[in-house]
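# Report on the structure
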Amino acid sequence: QVQLVESGGGLVQPGESLILSCVASGNIFSINAMGWYRQAPGKERELVALIRRDGNSNYADSVKGRFTISRDNAKNMVYLQMNSLKVEDTAVYYCNLRQGIFSYWGQGTQVAVSS
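Heads up: these notes are all about the structure in this document. (Residues numbered from 1 in each chain as written. Predicted model: local features only at pLDDT ≥ 70, side-chain atom pairs only at ≥ 80, totals over all residues. Heavy atoms only, no water.)

## Observations regarding the pairing of strand 10 (residues 102-105)
Relative to strand 10, strand 9 (residues 91-99) runs antiparallel, the two being bridged by 4 bridges. Of the residues in strand 10, the one forming a bridge with L97 is Y104. Linkage of strand 9 to strand 10, two consecutive antiparallel strands, is achieved through a turn of 2 residues, within which G100 is found at a positive phi near 60°. (Pairing = 2+ DSSP bridges. Helix = DSSP H or I, 4+ residues; strand = E, 2+ residues; numbered from the N terminus.)

## Here we look at the packing of aromatic side chains
Across all of its chains, the model carries 2 aromatic pairs by this definition. Between Y37 and W105, the ring centres sit 4.9 Å apart and the planes meet at 65°, which makes this aromatic pair edge-to-face. Of this pair, Y37 sits in strand 4 (residues 33-39) while W105 sits in strand 10, and the two are 68 residues apart along the sequence. Judged by its relative accessible area of 38%, W105 is partly exposed. Their ring planes at 40° and their centres at 6.2 Å tell us that F102 and Y104 sit as a pair that is tilted. For Y104, a relative accessible area of 14% puts it in the buried group. (Phe/Tyr/Trp six-rings, centres within 6.5 Å; stacked < 30°, edge-to-face > 60°. Buried < 20%, exposed > 50% of the residue type's maximum accessible area, 1.4 Å probe, protein only.)

## Some details on the pattern of salt bridges
A complete count under the given rule lists 4 salt bridges for this structure. One salt bridge connects K64 with D61, and the closest N-O pair in it is separated by 3.1 Å. On the basis of relative accessible area, D61 is assigned to the exposed category, the value being 66%. Note that D89 and R66 form a salt bridge whose closest N and O atoms lie 2.8 Å from each other. Pair noted here: D89 is in the loop between strand 8 (77-82) and strand 9 and R66 is in the loop between strand 6 (57-59) and strand 7 (67-72), with a separation of 23 residues, a long-range link. Taken as a pair, D89 and R66 share a single burial class, namely buried. Sharing partners across several salt bridges, the network here consists of R38, E46, R66 and D89. (Salt bridge = Lys/Arg side-chain N within 4 Å of Asp/Glu carboxyl O.)

## Side note on the sheet that holds strand 3 (residues 18-26)
Judged by pairing direction, the sheet is antiparallel, and its 4 strands sit side by side in the order 1-3-8-7 without closing on themselves. The open sheet has two edge strands with one neighbour each: strand 1 (2-7) and strand 7. Strand-to-strand twist across the sheet, computed as the mean angle between neighbouring axes with direction ignored, equals 15°. The sheet contact formed by strand 7 and strand 8 spans 6 bridges and is antiparallel. Bridge pairing in strand 8 places S70 opposite Y79. (Axes fitted to C-alpha atoms, helices over the stretch in contact; angles between N-to-C directions.)

## Side note on the environment of V48
Along the chain, the position of V48 falls in strand 5 (residues 46-52). For V48, a relative accessible area of 0% puts it in the buried group. In this structure the C-alpha to C-alpha distance between V48 and Y94, which are 46 residues apart in sequence, comes to 9.5 Å. Aside from chain neighbours lying at most four places away, what touches V48 is W36, Y37, R38, N58, Y59, A60, V63, F67, L80 and Y93. (Contact = heavy atoms within 4.5 Å.)

Below you can see the structure in the form of structure tokens.
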């Protein structure tokens, strides 16, 4: 129905930056929201950033001031600009799309922040 593919993850040192990208394809007719979630080893999956249809965004307290979510509606893409990365940001990051009553997930991309 809807497929999501993330890219841009990798290994970086503390203080550096990464940009994650997610492209959606398939039966897309009305997106309610797109966002990024992450899951670190031994922890539950948590919301990182969300952008709604009206353009309003929400961020986890732990990333406010460092991460920025944006979208390109014409390309069905969403991005996550991650600055001043910390070791605590290490996780698998998942793209999410909400449409109608359904929620779709990408396969995840690994972000590792380490010295």
